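Fold and contact review
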Amino acid sequence: MLTKKQYELLLFINERLKETGVSPSFDEMKEALNLKSKSGIHRLITALEERGFIKRLAHRARALEVLKLPDTMASSMSAPARHSGGLGRGMGQTPNIPQAANDDSAVTVSVMGRIAAGTPIEALQEEVNQISVPIEMMRSGDHYALEVHGDSMIDAGIFDGDTAVIQSGATAENGEIVVALVEGHEATLKRLRRKGEMIALEAANPAYETRIFRADQVRVQGRLVGLMRKY
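Here the residue numbering is sequential within each chain, running from 1 through the sequence in written order. The predicted nature of this model means local features are confined to residues of pLDDT at least 70 and side-chain atom pairs, given and counted, to a pLDDT of 80 or more, with totals for whole chains, interfaces and linings taken over all residues. Neither water nor hydrogens contribute to the side-chain values; these are computed over all heavy atoms in the structure.

1. Remarks on the pairing of strand 7 (residues 163-168)
- Burial of strand 7 is extensive: five of the six residues sit out of reach of the surface.
- Pairing between strands requires that DSSP locate at least two bridges from one strand to the other. A run of H or I in DSSP counts as a helix once it spans at least four residues, and a run of E counts as a strand once it spans at least two, with each numbered from the N terminus. Bridge count for strand 6 (residues 143-149) against strand 7 is five bridges, and the pairing is antiparallel. Paired with His 143 across the two strands is Gln 167, which belongs to strand 7.
- As defined by bridge partners, strand 7 adjoins strand 12 (residues 218-228) across six bridges and the pair is classed as antiparallel. Across the sheet, residue Val 165 finds its bridge partner in strand 12, namely Gly 226. Any residue under 20% of the maximum accessible area for its type is buried, any over 50% is exposed, and the rest in between are partly exposed; the area is computed with a 1.4 Å probe on protein chains only.

2. Focus on the environment of Met 138
- Inspection of the secondary structure assignment puts Met 138 in the loop between strand 5 (129-134) and strand 6.
- Note on Met 138: relative accessible area 10%, which makes it buried.
- Sequence separation between Met 138 and Val 225 is 87 residues, and the spatial gap between their C-alpha atoms is 7.1 Å.

3. Regarding the pairing of strand 12
- Where strand 8 (residues 177-182) and strand 12 come together, five bridges link them in antiparallel fashion. Bridge pairing links Leu 181 to Arg 219 in strand 12.

Structure below.
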């Protein structure tokens, strides 16, 4: 998931490397993206690096390597392009930017249904909506969102009707709040504790008991990284 400016910068770097074999300077990137400061370029490069799209090469000035491209961008560049100058040169119109929000401080994340903060409910796998999430809330990798249903996590500040922002992944540290898939068909939002060969899914509400499962009965599907709330 890239913001519009991240996408444009990746496109510009990739095009310049193909043309000249040399990474553009910060001034050139700033001018191409119409930004006012080099610090904005630095933040964009750091974000692209954290997401695995580029790599800074050690001991070489202005040295960047493009590691991968978004799917829509890669397909649009499969045919040789004729370059004529400017951002996105030789590309015609800029392809649709996948999952980009309307500004550079947020990204669009898919809402994949409801998650139980209470009695587990049937897991939902289809996108039901999309929301704009502040980029500061995001970490590396893929993310999705779930609407919280129930009150079992209220002491952790998670309330019925909140939208949980989840970093996708199959692992979590002890004590982290996770999306847990229980016995393959029930999804719940709970704090995870490992106890030997067992896993405890802890509520943050004394009205709910901790549930204990064998490790093979629970699959982590992501960990909580943020909450969105409407007032």
